[in-house]
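Residue-level structural notes
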Amino acid sequence: MNAELQTRLSRLRDSLHGGQLDRAALFWLKLFVELALENDGEIRSDRWVEAGLAAQVSGLDAAALAPRRELVANYDLFDLVRLQDSVEFSGAALAGLDWSRKYRVSLLPALEDSLPELHAWVEEMWAELGGVSPRFVDLEIVLTRHSPAGRTALLEVLHEAQAIFDGWLPQTVVERIASALNMPMADVYGVTEFYEMFHTHPVGRKVIRVCQDAPCALAGADRLTDRLCQHLGIQPGETTSDGQFTVEPVRCLGLCDRAPAALVNLERYGPLDPAFPEGLFDAPRPAPLAIGGLVKLALSNVGVMDPTRLEEYVAQGGLAALRKALHTMTPAQVLAEVKNSKLVGRGGAAFPTGLKWEYAARNPAPRYVICNADESEPGAFKDRALMDGDPFRVVEGLILACYAVGAEKGFIYVRGEHHLGYERFKGAIEQLCAAGYLCQDILGAGFNCEIEVRRGAGAYVCGEETALMESIEGRRGFPRLRPPFPTDAGLWGRPTVVNNVETLAKVPPIILHGARWYNALGTPESAGTKLFAVSGSVMRPGVYEVPFGVPLRHLIFDLAGGLRAGRTVQAILTGGAAGTFLGAEHLDAPLTFEDLKKIGGTIGAGTIMVFDDAVDLRQVLRRIADFFAHESCGKCYPCQMGAQRQAEIMARVAQGQARPGDVDTLLELGGVMTDTSICGLGQTAAQAIVNAHQHWPELFEAA
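We now turn to the structure provided with this report.

**A short note on the overall build of the protein**
The secondary structure content of the protein amounts to 28 helices and 18 strands. Here the C-alpha atoms of the protein give a radius of gyration of 29 Å, agreeing with the 27 Å that 2.2 N^0.38 yields for 703 residues. The principal-axis extents of the C-alpha atoms in the protein amount to approximately 95 × 70 × 45 Å. A total of 703 residues make up the protein; the buried ones form 57% of that total. When contacts within the protein are restricted to residue pairs at least 6 apart in sequence, those whose partners lie at least 24 apart make up 70%. Carbon and sulfur atoms make up 50% of the accessible area of the protein, which amounts to about 27600 Å² in all. One way to put it: in the protein the 66 positive side-chain charges average out to a point 5 Å from where the 86 negative ones average out.

Shown next, in the form of structure tokens:
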């Protein structure tokens, strides 16, 4: 072989083997050689491209210009002559070639006699590598499965593609996804840059995400992050030189009961020893969730049955409610039973569930029902207990909701960090469909219903119902202006019901035992039972189900184990990061919507964070401010700018360096965000901080 050709092909081989050059470049070289041998050593560029576009190579995006451009420009093999004016291009001039023009393409004069040898080399390389890497073949399989759905499949495609390409999305992959889903590439990049879990630059083969929010911070998350980075020899946000690890400090992972906690890729780790970060390099240890309570309705199967086996769910009485509804009740009767039960939403807003269903059912079909499983706020993890421990119950509740409102399509939207819950829901739906409880003509009753599971990708705002629908539609999770409300115009402009995981888990027992049985539990104004996620300074953080009306003291001391010896209650944050504080004097208050409201507390989604007298509340408030600044989507200025300014002020307060006027500014910002933000994130982002100032104004003073 010509020595010059051998040198250049050696470099080309190294680039192909090392992955620096897309294997599609080998396809274009093979095609050039075959055509050139038939045409006295030269071809026209337009015919070269036409032949490539006509070829059928699985996994190859022949329309992508980059591989052909890099082959021609970077390996010093080709000579091109523009047909319009016979201007010759070779060497460095090829880098700026205008491929919309037509050229005669041949090997360089010094190499033109080596075409047969080049042909032999190309055939050898093709036999070894092919024109497409196995990863791109896998990508084509993903796109074949999802592309008929179009844009709505975007987040699922991005998740699967990122898993194929070592945790990130190269430009060629984004280009191929955009083409397959018939979307502008800018729209795809808009989505990848919005959601935190997508990466468009290389990351480590293992991405270690360490939670930074209040419960984990109290348990030593900062020390854990520092020790981990010291051990790996990198800074937060960096990747080790061998490409093995990336460390990412992140907002709440929903593992507050395991603080301090981390994810390694999608595997959960916690509770971790801040002094021993090496534990993150071992296999994750099972950490059963602490559950308990006086009366278990939603939690009755958690820890009792194998959540991956339908037959075990049925053995515990599962699906009896669905059989009863489909065989003995009309949709209107199911709706009325839920309405009469006084069940209200368990995601925080406490809107009457039956009324929401009724509003949607009044509107013309098609209708949709969505299970909101995007639990993402600091201190919130009660839905995770149901997703991981009893997914069949949640799906049964969703099917009943679809039946009641006349929807033949349902969705479950799971936060991206809860991969186990996602897999549990997928498995449950497959088994239910195979057994005749889902899909077509369910139980012979003539009711059809399909359910899809979708993943979020690290955006707290997608817990807001309209942002969630935007995400399902394949867009950035920006909240919509309301009205119209989702029950009138929701997913794809159709009537849509959005219910929380816990809300749907309460539906089967209501249908099975009746509305009167359910609302006999609790109090006249707060019917039934409630799941509370208790974390912070308690001995037994976990999820506890109690009937409304039990004292707060029972939840914290009897169920969650109370505080460490010698410690006293300093503050109790009710309702989560967007909630309000109570003190030790409120421990005997009944846990009801009406009673907590009287004393300035809130039930919210059932999040209770307890802080003993050893906790610096200023640091807690700083973490809350940081959380909302990080999670603001940026659609509306009051939230975007207000949350950032709030975080800056709280950083100074936490350091004892508050400036004159900071408190007045903080309170004014809180009022503006509450009154003018588009969605609940901005409207409640200042609530805990403003409320803390009402309780403890001395915390905000300069040292």
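**Focus on the environment of Asp626**
In this structure, Asp626 sits in helix α24 (residues 617-631). Along the primary structure Asp626 and Asp213 are separated by 413 residues, whereas in three dimensions their C-alpha atoms are 8.5 Å apart. With near-sequence residues (within four places) excluded, Asp626 lies in contact with Arg251 and Ala647.

**A look at empty space enclosed by the protein**
Within the structure shown, the criterion is met by four cavities of 30 Å³ or more. Put simply, the largest cavity is a space of about 140 Å³. Taken together, the residues of the lining of the largest cavity break down into seven nonpolar, two polar and eight charged. Of the voids in this model, the second largest cavity is the one considered here, and its volume is about 110 Å³. In terms of lining residues, the second largest cavity is bounded by Asp22, Ala24, Gly59, Leu60, Asp61, Ala64, Pro67, Gly131, Val132, Phe136, Thr172 and Arg176. A per-class count over the lining of the second largest cavity returns six nonpolar, three polar and three charged.

**Considering helix α18 (residues 419-434)**
Think of an α-helix as 3.6 residues a turn; residues three or four steps apart then line up on the same face. The end-to-end C-alpha distance of α18, which contains 16 residues, comes to 23 Å, matching closely the 22 Å that a straight helix rising 1.5 Å per residue would cover. Within the span of α18, buried status applies to Gly421, Tyr422, Phe425, Ala428, Ile429 and Leu432. With its buried residues spanning 130 degrees around the axis, α18 presents them on a single face. Exposed and facing more than 90 degrees away from the buried side of α18 are Glu430 and Ala434.

**Some thoughts on the state of the cysteines**
Per the stated rule, a full pass over the model turns up one disulfide. Two residues, Cys433 and Cys439, share a disulfide whose sulfurs are 1.8 Å apart. Residues Cys433 and Cys439 share a disulfide whose torsion about the S-S bond is about -125 degrees; that sign makes it left-handed. Residue classification places Cys433 among the partly exposed positions, given a relative accessible area of 29%. The thiol of Cys256 is unpaired, and the distance to the nearest cysteine sulfur, on Cys252, comes to 3.8 Å.

**Details of the nonpolar core**
Looking at soluble globular proteins, one finds that nonpolar side chains tend to be buried together. Counting residues in hydrophobic clusters, the biggest one holds 120 residues, and the most contacted among them are Phe32, Trp48, Phe78, Leu80, Leu118, Ile177 and Tyr195. In terms of residue count, the dominant contributor to this core is helix α2 (residues 24-38) (eleven residues). Excluding residues within four positions of it along the chain, Ile177 makes contact with Leu139, Leu143, Leu154, Val157, Leu158 and Ala161. If you look at the next biggest cluster of nonpolar residues, it comprises 65 residues, including Ala407, Phe425, Leu432 and Leu438.

**A look at the sheet that holds strand β12 (residues 450-455)**
The parallel open sheet is built from four strands, whose spatial order is β12-β11-β10-β13. Where the open sheet ends on each side, the last strands, each with one partner, are β12 and β13 (496-500). Averaged over neighbouring strand pairs, the angle between their axes works out to 20 degrees when direction is ignored. Where strand β11 (residues 409-414) lies against β12, six bridges are found, and the strand directions are parallel. Pairing of Ile412 across the sheet is with Val453, part of β12. Across the face of the sheet, helix α17 (residues 391-405) comes into contact with β10 (368-373), β11, β12 and β13 while running at roughly 155 degrees to β10. Packing against the sheet, helix α20 (residues 501-513) makes contact with β10 and β13, and its axis sits at approximately 90 degrees to β13.

**A look at the sheet that holds strand β18 (residues 607-612)**
A sheet is described by the order of its strands in space; here six strands give the open sequence β9-β15-β14-β18-β16-β17, paired in mixed fashion. Each edge of the sheet is formed by a strand with only one pairing partner; in this case those strands are β9 (291-293) and β17 (580-582). Sheet twist, expressed as the average angle between the axes of neighbouring strands with direction ignored, equals 25 degrees. Two strands pair when backbone bridges link them, and β9 and strand β15 (residues 542-547) are joined in this way by three bridges, in the parallel orientation. Each residue of the ladder has a partner; that of Gly292, found in β15, is Tyr544. Relative to the sheet, helix α16 (residues 382-389) contacts β14 (529-536) and β15, its axis offset from that of β14 by approximately 110 degrees.

**Considering the packing of α2 against helix α3 (residues 45-54)**
Their axes nearest at 10 Å, the elements α2 and α3 cross at an angle of 120 degrees. What the angle tells us is that α2 and α3 run oblique. Crossing handedness for the pair α2 and α3: right-handed. Contacts from Phe27, Trp28, Leu31, Phe32 and Leu35 in α2 reach Arg47, Trp48, Val49, Ala51 and Gly52 in α3. Its residues assigned to classes, the contact of α2 with α3 comprises eight nonpolar, one polar and one charged.

**Some words on the layout of surface pockets**
In this structure, the largest pocket spans a volume of roughly 1400 Å³. If you go around the largest pocket, you meet 50 residues; those closest to its centre are Gly347, Gly348, Ala349, Gly463 and Glu464. Counting residues per element, the ones that place at least two in the lining of the largest pocket are α15 (353-362), α16, β13 and α27 (680-684). Taken together, the residues of the lining of the largest pocket break down into 17 nonpolar, 21 polar and twelve charged. When its volume is computed, the second largest pocket comes out at roughly 720 Å³.

**Observations regarding the packing of aromatic side chains**
Aromatic ring pairs: the centre-centre distance and the angle between the two ring planes describe each pair. Applying the stated criterion across every chain, the model contains 24 aromatic pairs. Measuring from centroid to centroid gives 5.6 Å for Tyr368 and Trp492, while their planes differ by 65 degrees, and the two rings are edge-to-face. Pair noted here: Tyr368 is in strand β10 and Trp492 is in the loop between α19 (465-472) and β13, with a separation of 124 residues, a long-range link. For Tyr368, a relative accessible area of 14% translates into the label buried. An aromatic cluster of three or more residues is present, and its members are Phe27, Trp28, Phe32, Trp48, Phe78 and Trp99. Sitting over the ring of Trp28, Arg68 keeps its end group 4.8 Å from the ring centre.

So, how was this worked out
- Residues numbered from 1 in each chain as written.
- Predicted model: local features only at pLDDT ≥ 70, side-chain atom pairs only at ≥ 80, totals over all residues.
- Heavy atoms only, no water.
- Helix = DSSP H or I, 4+ residues; strand = E, 2+ residues; numbered from the N terminus.
- Rg over C-alpha atoms; globule rule 2.2 N^0.38 Å.
- Buried < 20%, exposed > 50% of the residue type's maximum accessible area, 1.4 Å probe, protein only.
- Contact = heavy atoms within 4.5 Å.
- Areas by Shrake-Rupley, 256 points an atom, 1.4 Å probe, with all protein chains shown as cover.
- Lys, Arg positive; Asp, Glu negative; His and termini not counted.
- Charge placed at Lys NZ, Arg CZ, Asp CG, Glu CD.
- 1 Å grid on protein atoms, 1.4 Å probe; cavity = no way out; pocket = protein on both sides within 12 Å on 5 of 7 lines; lining within 4 Å.
- Points joined across faces, edges and corners; volume = space filled by probe spheres on them.
- Nonpolar A, V, L, I, M, F, W, Y, C, P; charged D, E, K, R; others polar.
- Expected span 1.5 Å × (residues − 1).
- Arc of directions from axis to C-beta.
- Disulfide = S-S within 2.5 Å.
- Core = buried A, V, L, I, M, F, W, Y, C linked by side-chain atoms within 4.5 Å.
- Pairing = 2+ DSSP bridges.
- Axes fitted to C-alpha atoms, helices over the stretch in contact; angles between N-to-C directions.
- Parallel < 35°, antiparallel > 145°, perpendicular 65-115°, else oblique.
- Left-handed = near helix turned anticlockwise from the far one by under 90°.
- Phe/Tyr/Trp six-rings, centres within 6.5 Å; stacked < 30°, edge-to-face > 60°.
- Lys NZ or Arg CZ within 6 Å of the ring centre and 35° of its normal.

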